[in-house]
Amino acid sequence: MNFERVVFGFFIILALSLNAAFVAGGVEAAAHHNVWILTLTIIVNLVAIGLKLGDRSQTGALLLASGLVAGFLLITARVVWIVAEPGSGGGPGPGEMADIVSIATGALVANIIATVILVGDTLLSRR
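Note that the structure is predicted; figures quoted are calculated from it, not measured.

A.B. asks: Requested: an account of the side chain of His33, with residues and values cited.
C.D. replies: For His33, the position within the fold is in the loop between helix H1 (3-23) and helix H2 (35-52). A residue is classified by how much of its surface remains accessible, and His33, at 3% relative accessible area, is buried. In this structure the side chain of His33 is engaged in a polar contact, spanning 2.6 Å, whose partner is the backbone oxygen of Phe22. At 2.6 Å, the side chain of His33 forms a polar contact with the backbone oxygen of Gly26.

A.B. asks: Any details on the packing of H2 against helix H3 (residues 58-84)? Residues and values, ideally.
C.D. replies: Packing of H2 against H3 brings their axes to within 9 Å, and their N-to-C directions diverge by 155°. Considered as vectors, H2 and H3 are oriented roughly antiparallel to each other. As H2 runs across H3, the sense of the crossing is left-handed. Judged by residue contacts, Val35, Leu38, Thr39, Thr41, Ile42, Asn45, Ile49 and Lys52 of H2 engage Leu63, Leu64, Ser66, Gly67, Leu68, Ala70, Gly71, Leu74, Ile75, Ala77, Arg78 and Trp81 from H3. Split into classes, the residues belonging to the contact of H2 with H3 amount to twelve nonpolar, six polar and two charged.

A.B. asks: Tell me about the packing of aromatic side chains, and please be specific about residues and values.
C.D. replies: The tally for this structure, following the rule as stated, stands at two aromatic pairs. Considering the side-chain rings of Phe10 and Phe11, the 5.2 Å spacing of their centres and the 80° angle between planes classify their relative orientation as edge-to-face. On the accessibility criterion, Phe10 (48% relative accessible area) is partly exposed. Consider the rings of Phe22 and Trp81, whose centres lie 6.3 Å apart with planes at 50°: the pair is tilted. Of the two residues, Phe22 is situated in helix H1 and Trp81 in helix H3; the sequence distance between them amounts to 59 residues. Using a relative accessible area of 1% as the deciding quantity, one classes Phe22 as buried.

Basis of the calculations
Residues numbered from 1 in each chain as written. Predicted model: local features only at pLDDT ≥ 70, side-chain atom pairs only at ≥ 80, totals over all residues. Heavy atoms only, no water. Helix = DSSP H or I, 4+ residues; strand = E, 2+ residues; numbered from the N terminus. Buried < 20%, exposed > 50% of the residue type's maximum accessible area, 1.4 Å probe, protein only. Polar contact = N/O pair within 3.5 Å; in protein donor to acceptor, adjacent residues only side chain to side chain. Axes fitted to C-alpha atoms, helices over the stretch in contact; angles between N-to-C directions. Parallel < 35°, antiparallel > 145°, perpendicular 65-115°, else oblique. Left-handed = near helix turned anticlockwise from the far one by under 90°. Contact = heavy atoms within 4.5 Å. Nonpolar A, V, L, I, M, F, W, Y, C, P; charged D, E, K, R; others polar. Phe/Tyr/Trp six-rings, centres within 6.5 Å; stacked < 30°, edge-to-face > 60°.

Structure follows, in C-alpha cells:
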C-alpha cells in the first residue's frame, strides 16, 4: 500500500464530502448552509491542490485542473458570502444564498470529476 496515495485519496474524498455537505439543503435558506463547512471545504481543497502539485503525469494534470476549478469556485462562493452578509451577521439573503450554493455546486461537480479520475486511475493501475 502506498501511504502517499492514501493521504491524497483521503483529501480528495474529504473535499468531495465536505462540498456535498455544504450544498445539501434548501438553496435559498442560509440556515441550511454553514459558513464554516464552506471555509473548511476551501482549506481541504487547497491541501488537496498542494498534494497534486508534485505529480507530473497526465492524470495528475487532470486532477490538478479539477482541483483548481473547485478551489476557484469555492473561494468565489466565500467571497460572495462575505460581500452579501449584512453588518448584523444575519447571513446572506435568499438571492445571494442561491448564488453561493449554485457556485458551490459547480465546485461539487469538479470534485466529483476528480474523484472519478482518481478511482479510475486506481482501478487501471491495479491490472
